[in-house]
Amino acid sequence: MPTLSPNAGELLMQRIEQLAAISESEHGLTRRFATPEHRRANDLFADWMKQAGMSVQEDAIGNVTGRYEGTTDSAPCIMLGSHLDTVVMAGKYDGMLGVLCGLACVEHLAASGQRLSHAIEVIAFADEEGVRYHSTFLGSRAVTGEFDLSLLDRLDKDGISMRDALIAFGKNPEEIGAAARQPGDIAAYLEVHIEQGPVLEQQGLGVGVVTGIAGATRMMVTLTGEAGHAGTVPMTLRRDALVGAADCIAAIEKICTGPVDLVGTVGAIDAKPGAGNVIPGSVGFSIDIRAAEDETRNTAVEAVKDHIKSVCEKRHLAVDIDTVHDEPSEACDPALIEHISGAIASCQPRVLTLTSGAGHDVMVMSHLTAAGLIFVRCAGGISHNPAESITAEDAWLGATVMLQTVLSLADATAH
Ligand code: HGY
Ligand code: MN
Ligand code: MN
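Cut-off values and rules
Residues numbered from 1 in each chain as written. Chains lettered and ligands numbered in written order. Predicted model: local features only at pLDDT ≥ 70, side-chain atom pairs only at ≥ 80, totals over all residues. Heavy atoms only, no water. Domains from an automatic or database assignment. Contact = heavy atoms within 4.5 Å. Buried area = accessible area lost by both parts, 1.4 Å probe. Salt bridge = Lys/Arg side-chain N within 4 Å of Asp/Glu carboxyl O. Buried < 20%, exposed > 50% of the residue type's maximum accessible area, 1.4 Å probe, protein only. Helix = DSSP H or I, 4+ residues; strand = E, 2+ residues; numbered from the N terminus. Near = heavy atom within 4 Å. Polar contact = N/O pair within 3.5 Å; in protein donor to acceptor, adjacent residues only side chain to side chain. Areas by Shrake-Rupley, 256 points an atom, 1.4 Å probe, with all protein chains shown as cover. Nonpolar A, V, L, I, M, F, W, Y, C, P; charged D, E, K, R; others polar. Core = buried A, V, L, I, M, F, W, Y, C linked by side-chain atoms within 4.5 Å. Donors = N, O, S within 2.8 Å, 3.2 Å for Na, K, Ca; no water. Phe/Tyr/Trp six-rings, centres within 6.5 Å; stacked < 30°, edge-to-face > 60°.

Assigned domains of the protein chain: these are domain 1 (8–214 + 329–413) and domain 2 (215–327). Computed from C-alpha coordinates alone, the two centres of domain 1 and domain 2 are separated by 33 Å. With 16 residues of domain 1 in contact, the opposing surface of domain 2 contributes 12 residues. With both sides pooled, the region where domain 1 packs onto domain 2 buries about 980 Å², and carbon together with sulfur makes up 44% of that total. Of all residues in domain 1, the largest losses of buried area upon contact with domain 2 belong to His134, Ala214 and Ser329, amounting jointly to 46% of the total for that side.

Two side chains of opposite charge can pair, provided their charged atoms sit close to one another. A complete count under the given rule lists 23 salt bridges for this structure. Here Asp185 makes a salt bridge to Arg181, at a shortest N to O gap of 3.3 Å. A residue is classified by how much of its surface remains accessible, and Asp185, at 29% relative accessible area, is partly exposed. Accessibility expressed as a relative area gives 19% for Arg181, which makes it buried. One network of salt bridges, in which partners are shared, links Arg67, Glu69, Glu121, Arg181 and Asp185.

With respect to the secondary-structure elements, Pro6 resides in the segment before α1 (8–20). Put simply, Pro6 and Trp396 are 390 residues apart on the chain and 7.8 Å apart in space, counted from C-alpha to C-alpha.

Now for the site of ligand 1. Around ligand 1 sit Glu128, Glu129, Arg218, Arg290, Ala358, Gly359 and His384, and that is every residue in its neighbourhood. Here a nitrogen atom of ligand 1 sits 3.0 Å away from a polar atom, N or O, in the side chain of Glu129. One of the side-chain N or O atoms of Arg290 is found 2.5 Å from an oxygen atom in ligand 1. In isolation ligand 1 has 210 Å² of accessible area, and contact with the protein removes 94% of it. Partitioned by chemical class, the residues of the shell around ligand 1 number 1 nonpolar, 2 polar and 4 charged.

On to the nonpolar core. Among the nonpolar cores identified, the biggest contains 89 residues, and Phe45, Leu80, Leu97, Leu100, Ile120 and Met402 are the most heavily contacted of them. Of all the elements, helix α11 (residues 392–412) adds the most residues to this core, at 11 residues. Excluding residues that lie within four positions of it along the chain, Ile120 makes contacts with Met54, Gly66, Arg67, Tyr68, Ile78, Leu80, Val106, Leu109 and Val406. In this structure, Ala241, Leu262, Val283 and Ile287 belong to the second largest nonpolar core, which totals 21 residues.

Before going further, it helps to spend a moment on the coordination of the manganese ion (ligand 3). Protein coordination at the manganese ion (ligand 3) comes from Asp94 (OD), Glu129 (OE) and His384 (NE2), with a distance range of 2.1 to 2.2 Å. Donor residues for the manganese ion (ligand 3), ordered by position in the chain, follow D-x34-E-x254-H. Between the manganese ion (ligand 3) and the manganese ion (ligand 2), the interatomic distance is 3.4 Å, and Asp94 donates to each metal, bridging them. Note that Asp94 is positioned in the loop between β3 (77–83) and α3 (96–111) and Glu129 in the loop between β4 (120–125) and α4 (138–144), a separation of 35 residues in sequence. For the pair Asp94 and Glu129, one class covers both residues: buried.

Bringing the coordination of the manganese ion (ligand 2) into the picture now. All of the protein donors around the manganese ion (ligand 2) are His83 (NE2), Asp94 (OD) and His193 (NE2); their distances to the metal are 2.0 to 2.2 Å. Binding-site remark: the manganese ion (ligand 2) is held by donors from one chain whose sequence spacing is H-x10-D-x98-H. Here His83 falls in the buried class, since its relative accessible area comes to 0%. Look at His193 and you get buried, because its relative accessible area is 1%.

The tally for this structure, following the rule as stated, stands at 2 aromatic pairs. The interplanar angle of 80° and the centroid separation of 6.2 Å between the aromatic rings of Phe33 and Tyr133 together place this pair among those described as edge-to-face. Here Phe33 is found in the loop between α1 and α2 (36–51), whereas its partner Tyr133 is found in the loop between β4 and α4, with 100 residues between them in sequence. The same class applies to Phe33 as to Tyr133, namely buried. When the ring of Phe125 is compared with that of Tyr189, the centres are 5.9 Å apart and the planes differ by 55°; the resulting orientation is tilted.

Here it is, written out as structure tokens:
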């Protein structure tokens, strides 16, 4: 089976460094949706795609897509991709590895003058992490026609609405609906992503094939008590929102520790007014609960909500729980798993199947077409952390497995 040229891994790593240098912060990598840094990253990636001989367009949510034509106009395309937005203080490979693997596959085809019956599209989704507006998969939901237009009114931490952010990004939010693709447009969606876990490394393998992705529920909780003087209000008369939140957070850990595959995280908290000599009058905090089985996750979500309400009753706090994301677990396409497994078998001694605790655009794209996910080993399984790292060899391996999967898929579904 054909492989990428030996230097393709190094080139991919150099490009990762160039993309990772585009950050909102001098301290580490942060690149949120519809920011000037997102604009620079999109434009750089668009340039690379144009140099590879692709036609490039950007839709109204800020996804940038390149297209490498096939020989049969009527054939649906094979779409490769991942995301260009990041979390705060991110690693360099989450998202970027996937878009660059897609580009590397097209560059290989272009360099060898190969045209498949299917066009190949490479998409860099605008927002997978959901950091700026607490709603993930904005880019892929626009492609599948599932974008919730009410999100345009959502405000970021600086009070900027998503609508205004998109207009400043050079977009017309009213055209988001036009980004939706029809079911027949795309034969399959394929993504390469770092595993963000330790299994491949423990097994001594560079790549694996994902069979399913855990569902996730994300909530934003606000507890409201009464601000007061830290020196004069007796402990028994306080309505301290931060102590209430602490009680809830400890319980979230307890509820989510035990059942297999269940995890619960409070990643962000904001106590107001935030002065050391003032009893916190209100606290906002995030909750992220995931499990491979939807029933496990939903049971934990209800137990957490019940506990929060009981804490608030006991402490005379008002409570608002806003569910900002609720995505069921998703199985990857069985036929694509076969194609990916065949590609992996030609590159490494063993094919390992894994499930993903992290969410991916594959979950949303599977609503529109067959979707598959190739995992690449990352050191220590570390991710969402500047220490995230992979080797050029494994980057090469991931992109080569993607290429071979594309070729085997194109063969199997040639028009
Ligand atoms: O949070 C996640 O699962 C992914 O990194 N968006
Ligand atoms: Mn990711
Ligand atoms: Mn991520």
